[in-house]
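Descriptive analysis of the structure
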Amino acid sequence: MPLLSPFETSFGRTTTRRIVLVRADAEGFTGWGEVTAGESPFYNYETPETAWHILRDFLIPWTLGKEWSSPGDVVRVFRPVRGHYMAKAALENALWDIAAQQKNLPLAKLIGGNLQEIPCGVSIGIKPSIPELLESVAREVAAGYQRIKVKVKPGWDINPLDAIRTKFPQILLMADANSAYSLADIEHLKEFDRFNLMMVEQPLGWDDLLDHAKLQREITTPVCLDESIHTTDDARKAIDIGACKIINIKLGRVGGFTGACAVHDVCRARRIPVWCGGMLESGIGRAHNIAMSALPGFTLPGDVSASKRYWSEDIIEPEVTVSAQGTIQVPKAAGLGFSPKVPRIEKLTVRKESFE
Ligand code: OSB
Ligand code: MG
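Computed from a predicted structure; not experimentally measured.

**Side note on the nonpolar core**
Soluble globular proteins tend to bury their nonpolar side chains together. Leu161, Ile164, Phe192, Ile247, Ile249 and Met292 are the most contacted members of the largest nonpolar core, which has 87 residues in total. Top contributing element to this core by residue count: helix H10 (residues 257–269), with six residues. Each of two domains, domain 1 (2–104) and domain 2 (110–339), supplies a minimum of three residues to this core. Ignoring sequence-local partners within four residues, the contact set of Ile249 consists of Val254, Ala260, Val263, His264, Val274, Trp275, Cys276, Gly277, Met292 and Phe298. Counting residues in hydrophobic clusters, the runner-up holds 23 residues, among them Val20, Val22, Val35 and Leu59.

Quick look at the structure:
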């Protein structure tokens, strides 16, 4: 699916998404899940190809033809596969979609989410120039988004943040570095403190906790972890050593709804706010993100935004829309609450494999 405009982070530029969808059929119901891995192993080690392999050769054979009392039961069965959280999440989440339809409940309700609407922010990529960045911020603020996140990297940080703060002194603003810095940059990162940022996301190593704790002791801006958090153990350790004050939860990165709810619970018990991250998802992953964001600990605006920011035409109907107040309504219908547009999905399909 070609993105309407390229999205650039400290690790690279995405122009077209290559997405693996999982369709699961059980007892007359159909559930959908999305592998949120990037096209290249630059955010984490997973790609659509690794997910295809792990799903085809391990997770699907272990799931097919079995009886499950809850979709969360697959987590235990998937455990022998180390990591590969995004592959696991796609299949587990498709089963959650089925379970919600079977129980005639909105997916958000089934996982314990009660929010009727969720607060939304946007993630703005690295731009060719500061005027283009400011134009983009102005457009999203005017659209009503409650929080602006900008991608930063060495050479694209102080100046863009300064320009945004000068023009928009009041907005909720944060920066995401996707692991572009190291502890050697600590004096430089201290300069971020003057921009009154809500948080700085994953400034250091993609799998690091300890250095983030050292950094957090030296800066006033709260550190938020993204890449480093996959499990409740990761979250507990990060919080205990002071590596972060906020956690971004991505369904794919934590292996699906069971993991996401568990990380959410650990954070909530320790009064660590969480928010829903995004991976440039199609409507299917986006619908799952909306359901997750209805959990009570998701108190900060997330990176879940309108379909039309990404796609000329999404693969679900209705498309995801955002109100002028920067909120998305959590669907009240059973299951995902959005219908996959199967003919459009078929048209976009370049490879398909069925297992019975
Ligand atoms: O770090 O949050 C991230 C996109 C791809 C990979 C990593 C990240 C992102 C985003 C985009 O920030 C969020 C979105 O709009 O989906
Ligand atoms: Mg991030």
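**Let's talk about unusual backbone geometry**
Phi is mostly negative for residues that are not glycine, and the peptide bonds are mostly trans. Pro318 follows Glu317 through a cis peptide bond whose omega is -10°. Here Pro318 is to be found in the loop between strand S13 (316–317) and strand S14 (327–329). Located in the positive-phi region is His84, a residue other than glycine, with phi close to 50°. Looking at the secondary structure, you find His84 in the loop between helix H2 (73–78) and helix H3 (85–102). Assessed through its relative accessible area of 16%, His84 is described here as buried. Of note in this structure, Asn178 is not a glycine but carries a positive phi near 45°. As for its placement among the helices and strands, Asn178 is situated in the loop between strand S8 (173–176) and helix H7 (186–190). The buried category is assigned to Asn178, whose relative accessible area is 7%.

**Structural notes on the domain arrangement of the chain**
As assigned here, the chain comprises domain 1 (2–104) and domain 2 (110–339). If you average the C-alpha positions of domain 1 and of domain 2, the two centres end up 21 Å apart. Roughly 3100 Å² of surface becomes buried between domain 1 and domain 2 when both sides are summed, with 67% attributable to carbon and sulfur atoms. The closest approach of N and O atoms between Glu8 and Lys153, which form a salt bridge, is 3.9 Å. At the boundary of domain 1 with domain 2, the tally comes to 15 residue pairs in polar contact (both at pLDDT 80 or more). When contributions to the side of domain 1 that touches domain 2 are tallied by element, the ones reaching two or more residues are strand S1 (2–9), strand S4 (29–35) and H3. Of the residues in the side of domain 1 that touches domain 2, the class split is 16 nonpolar, nine polar and seven charged.

**What to know about the sheet that holds strand S12 (residues 274–276)**
What the seven strands build is an open sheet, ordered S6-S7-S8-S9-S10-S11-S12; its pairing is parallel. Each having just a single partner strand, strand S6 (121–124) and S12 make up the two edges of the open sheet. Here strand S7 (residues 147–151) runs beside S8; their pairing, made up of four bridges, is parallel. Its bridge partner lying in S8, Lys149 is registered against Met174. Sitting on the sheet, helix H5 (residues 130–143) touches S6 and S7, and the angle it makes with S6 is about 165°.

**Some points on the pairing of strand S3 (residues 20–26)**
One ladder, built from seven bridges, connects S3 with S4; its direction is antiparallel. Within the sheet, the bridge partner assigned to Leu21 lies in S4 and is Glu34.

**Side note on the pattern of salt bridges**
Enumeration over the complete set of coordinates arrives at 23 salt bridges. With its nearest N and O atoms 2.7 Å apart, the salt bridge here joins Arg253 to Asp226. On the criterion of sequence distance, the pair formed by Arg253 in the loop between strand S11 (246–249) and H10 and Asp226 in the loop between strand S10 (223–225) and helix H9 (232–240) is long-range, its members being 27 residues apart. Overall, Asp226 belongs to the buried group, its relative accessible area being 0%.

**Focus on the pairing of S7**
Burial runs high along S7: five of the five residues are buried. Residues of S7 alternate between two faces, with Arg147, Lys149 and Lys151 on one and Ile148 and Val150 on the opposite face, all of them buried. Of the pairings in the sheet, the one linking S6 to S7 comprises four bridges and is parallel in character. Considered in S7, the bridge of Ile124 is made with Val150. Assessed by its sense of winding, the connection that carries the chain from S6 through H5 to S7 is right-handed. Running through helix H6 (residues 158–167), the crossover from S7 to the neighbouring parallel element S8 is right-handed.

**Some remarks on empty space enclosed by the protein**
All chains considered together, the criterion is met by three cavities of 30 Å³ or more. Quantified by volume, the largest cavity comes out at close to 60 Å³. If you trace the largest cavity, you find it lined by Glu34, Thr36, Ala89, Asn93, Leu251, Gly252, Glu281, Gly285, His288 and Asn289. Every element with two or more residues in the lining of the largest cavity is listed here: H3 and helix H11 (283–292). Top contributing element to the lining of the largest cavity by residue count: H11, with three residues. Residues from two domains meet in the lining of the largest cavity; each of domain 1 (2–104) and domain 2 (110–339) gives at least three.

Conventions used here
- Residues numbered from 1 in each chain as written.
- Chains lettered and ligands numbered in written order.
- Predicted model: local features only at pLDDT ≥ 70, side-chain atom pairs only at ≥ 80, totals over all residues.
- Heavy atoms only, no water.
- Core = buried A, V, L, I, M, F, W, Y, C linked by side-chain atoms within 4.5 Å.
- Buried < 20%, exposed > 50% of the residue type's maximum accessible area, 1.4 Å probe, protein only.
- Helix = DSSP H or I, 4+ residues; strand = E, 2+ residues; numbered from the N terminus.
- Domains from an automatic or database assignment.
- Contact = heavy atoms within 4.5 Å.
- Buried area = accessible area lost by both parts, 1.4 Å probe.
- Salt bridge = Lys/Arg side-chain N within 4 Å of Asp/Glu carboxyl O.
- Polar contact = N/O pair within 3.5 Å; in protein donor to acceptor, adjacent residues only side chain to side chain.
- Nonpolar A, V, L, I, M, F, W, Y, C, P; charged D, E, K, R; others polar.
- Pairing = 2+ DSSP bridges.
- Axes fitted to C-alpha atoms, helices over the stretch in contact; angles between N-to-C directions.
- Right-handed = clockwise from strand over helix to strand, strands pointing away.
- 1 Å grid on protein atoms, 1.4 Å probe; cavity = no way out; pocket = protein on both sides within 12 Å on 5 of 7 lines; lining within 4 Å.
- Points joined across faces, edges and corners; volume = space filled by probe spheres on them.

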